[in-house]
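Residues per chain, in single letters:
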Amino acid sequence: MMRLQPSCVLLPSLLLLGSACIVEAPGGASAQERRAATVTQVPPLSVKSGANLGGKVELVGATVEPGRLKAGDQAKVALYFKVLQPMDDDYLIFVHVEDADGRAERINVDHKPAGGLLPTSQWKPGETVKDEFPVYVPPGSTARALNIWLGFWEPRTDSRLRILNPNAVRNDGKDRVLLGQVPVAR
């Protein structure tokens, strides 16, 4: 279910009555949406991380299914974030899928966390939030492997959450965590 941010719109049926203002009910995500976007236990992972992003969240780990792709295939990636501190802003998860050899253009898979059900400003300390998204290998791709980089990005200020433990996780020094490398079969 898509949540609307407070906004004022002119509804065609109300043109004679004036404008109408749509306001989201207080309280944020419903209990059902929160249950759909959080987990009580992280399943066995194919990738473990431990990246501390801004002291706000820890990337506990992820799964990538399948673990090997062919050109034209799609994989399902699931990320698991443990919430450490409340976040005032609504961050996007940025995902950069890059040819491991640097021969192809980067694919951006930036998105709202948890399918848009649970904005980061509603995350509660102690929760583990599950985020899923697809990664696609274009038909005809000659990549031997794809690197999946990610982090949190706040678009209004064009800023990223900093990696606070860069010596403990694979990163590029630009606040991008290397989730892993997915082999591409020929």
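Residues numbered from 1 in each chain as written. Predicted model: local features only at pLDDT ≥ 70, side-chain atom pairs only at ≥ 80, totals over all residues. Heavy atoms only, no water.

Caption draft 1: Region of the structure containing the overall build of the chain. Along its length, the chain carries one helix and 13 strands. Reading the secondary structure of the chain in the N-to-C direction produces β-β-α-β-β-β-β-β-β-β-β-β-β-β. Considering the chain as a whole, with its 186 residues, one finds that 38% of them fall into the buried category. Residue pairs in contact within the chain that sit at least 24 positions apart in sequence constitute 67% of those at least 6 positions apart. (Helix = DSSP H or I, 4+ residues; strand = E, 2+ residues; numbered from the N terminus. Buried < 20%, exposed > 50% of the residue type's maximum accessible area, 1.4 Å probe, protein only. Contact = heavy atoms within 4.5 Å.)

Caption draft 2: Highlighting the pairing of strand β8 (residues 92–99). For β8, the buried fraction is high: eight of the eight residues fall into the buried class. Here β8 shows two buried faces, one formed by Leu 92, Phe 94, His 96 and Glu 98 and the other by Ile 93, Val 95, Val 97 and Asp 99. The pairing of β8 with strand β11 (residues 145–154) spans eight bridges and is antiparallel. The partner of Asp 99 across the bridge, within β11, is Leu 146. Sheet topology places β8 next to strand β9 (residues 107–108); two bridges connect them, and they run antiparallel. Following the sheet pairing, Val 97 is matched in β9 by Ile 107. (Pairing = 2+ DSSP bridges.)

Caption draft 3: Structural detail: the packing of aromatic side chains. This model, assessed by the stated rule, comprises four aromatic pairs. Where Phe 81 meets Trp 123, the ring centres are 6.1 Å apart and the plane angle is 35°; that geometry is what we call tilted. Here Phe 81 is found in strand β7 (residues 74–83), whereas its partner Trp 123 is found in the loop between β9 and β10 (128–136), with 42 residues between them in sequence. With respect to class, Phe 81 is no different from Trp 123; both count as buried. Seen from their ring centres, Tyr 91 and Phe 152 are 6.4 Å apart, and the 85° between their planes marks the pair as edge-to-face. Taken as a pair, Tyr 91 in the loop between β7 and β8 and Phe 152 in strand β11 lie far apart in primary sequence, 61 residues in all. Judged by relative accessible area, Phe 152 falls into the buried class, the value being 0%. Feature note: the residues Phe 81, Tyr 91, Trp 123 and Phe 152 constitute an aromatic cluster, connected by ring pairs. Taking the ring centre of Phe 94 as reference, the NZ or CZ of Arg 160 above it sits at 4.4 Å. (Phe/Tyr/Trp six-rings, centres within 6.5 Å; stacked < 30°, edge-to-face > 60°. Lys NZ or Arg CZ within 6 Å of the ring centre and 35° of its normal.)

Caption draft 4: A look at the sheet that holds β10. Taken in spatial order, the five strands of this open sheet run β3-β10-β7-β5-β4, and their pairing is antiparallel. A strand with exactly one partner marks an edge of an open sheet, and here the two such strands are β3 (38–39) and β4 (47–53). Bridge analysis of β4 against strand β5 (residues 57–65) gives five bridges, and the strand direction is antiparallel. Counterpart to Lys 48 in the pairing with β5 is Gly 61.

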